[in-house]
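# Coordinate analysis (summary)
Here are the chains, one letter per residue:
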Amino acid sequence: MGIVEELGSGMRKMFKYTPLYANGKEPIIEEQDVYRIEIPYVPTLQGSDAYTTQKTTQKTTQKILEQMKVNPYISREELAEVCGLSSDGIKYNIRKLREKGIIKRIGPDKGGHWEVIEEK
């Protein structure tokens, strides 16, 4: 294992980051003919965390809808800047809003505009 460790930093990173994502629990290594590594799983969205995530998503959706009402010609990049999200985050939220029938795109990507149909 020492030779492998010299080639990369996977083991070091595993021991560094596992406690951060597993509420302080360390990975467990069992050595036999082969070695087995057990990384504890601790669910992160429980109880009030799930509620907080849902509220944050609702606020983000609300921001997007407000910006589209104020400026129907707003781009995804501009929405990302205003809402403090990545362009992928905006793309995800727009897809969800379209699936729910809350918004639709009128015209092409360049030169078209957003239409807010209804807020649910």
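This is a predicted model, so every value here is computed, not measured. (Residues numbered from 1 in each chain as written. Predicted model: local features only at pLDDT ≥ 70, side-chain atom pairs only at ≥ 80, totals over all residues. Heavy atoms only, no water.)

### What to know about the overall build of the protein
A tally of helices and strands in the protein yields 5 helices and 4 strands. In the protein, the succession of helices and strands from N to C terminus is α-α-β-β-α-α-α-β-β. Looking at the protein as a whole, 22% of its 120 residues qualify as buried. Long-range pairs, those at least 24 residues apart, make up 27% of the contacts in the protein with a sequence separation of at least 6. In the structure as shown, the protein presents an accessible area of about 9,200 Å², 52% of it carried by carbon and sulfur atoms. (Helix = DSSP H or I, 4+ residues; strand = E, 2+ residues; numbered from the N terminus. Buried < 20%, exposed > 50% of the residue type's maximum accessible area, 1.4 Å probe, protein only. Contact = heavy atoms within 4.5 Å. Areas by Shrake-Rupley, 256 points an atom, 1.4 Å probe, with all protein chains shown as cover.)

### So, the nonpolar core
Judged by nonpolar contacts, the single largest core of 13 residues is most densely connected at Ile64, Met68, Leu79, Ile90, Ile94 and Ile103. For this core, the elements supplying multiple residues, two or more each, are α3 (48–70), α4 (76–83) and α5 (87–99). Apart from residues lying up to four places away in sequence, Met68 is in contact with Ile74, Leu79, Ile94, Ile103, Trp114 and Val116. (Core = buried A, V, L, I, M, F, W, Y, C linked by side-chain atoms within 4.5 Å.)

### Overview of the environment of Thr57
Here Thr57 shows up in helix α3. The class of Thr57 is partly exposed, set by a relative accessible area of 39%. As a C-alpha pair, Thr57 and Asn93 span 36 residues in sequence and 8.7 Å in three-dimensional space.

### Focus: α4
Restricting attention to buried positions, one finds in α4 the residues Leu79, Ala80 and Cys83. The arc that holds the buried residues of α4, viewed along the axis, is 100°, so those residues lie on one side. Residues of α4 that are exposed and point over 90 degrees away from its buried face: Glu77 and Glu81. After α4 finishes, the residue Gly84 shows a positive phi value of roughly 75°. (Arc of directions from axis to C-beta.)

### Topic: the environment of Glu77
Here Glu77 shows up in helix α4. According to the relative accessible area criterion, Glu77 is exposed, its value standing at 55%. Glu77 sits 11 residues away from Asp88 along the chain, and the two C-alpha atoms are 9.7 Å apart.

### Some details on the packing of aromatic side chains
Inspection of the entire model under this criterion finds 0 aromatic pairs. Seen from the ring of Trp114, Arg105 lies directly overhead, with NZ or CZ sitting 4.7 Å from the centre. (Phe/Tyr/Trp six-rings, centres within 6.5 Å; stacked < 30°, edge-to-face > 60°. Lys NZ or Arg CZ within 6 Å of the ring centre and 35° of its normal.)

### Some details on α5
With 13 residues, α5 should cover 18 Å at 1.5 Å per step; its first-to-last C-alpha distance of 18 Å lies within 8% of that length. Of the residues flanking the end of α5, it is Gly101, one or two places downstream, whose phi is positive at about 75°. (Expected span 1.5 Å × (residues − 1).)

### Overview of the pattern of salt bridges
All told, the structure shown has 4 salt bridges when counted by the stated rule. Between Arg36 and Glu30 there is a salt bridge, and its shortest N-O distance comes to 3.3 Å. Taking relative accessible area as the criterion, Arg36 reaches 44% and is therefore assigned partly exposed. Owing to a relative accessible area of 32%, Glu30 belongs among the partly exposed residues under this scheme. In this structure, Glu99 engages Arg95 in a salt bridge whose closest nitrogen and oxygen atoms are separated by 3.5 Å. One end of the pair, Glu99, and the other, Arg95, are both in helix α5, 4 residues apart, so they sit about a helical turn from each other. With relative accessibility at 41%, the residue Arg95 sits in the partly exposed group. (Salt bridge = Lys/Arg side-chain N within 4 Å of Asp/Glu carboxyl O.)

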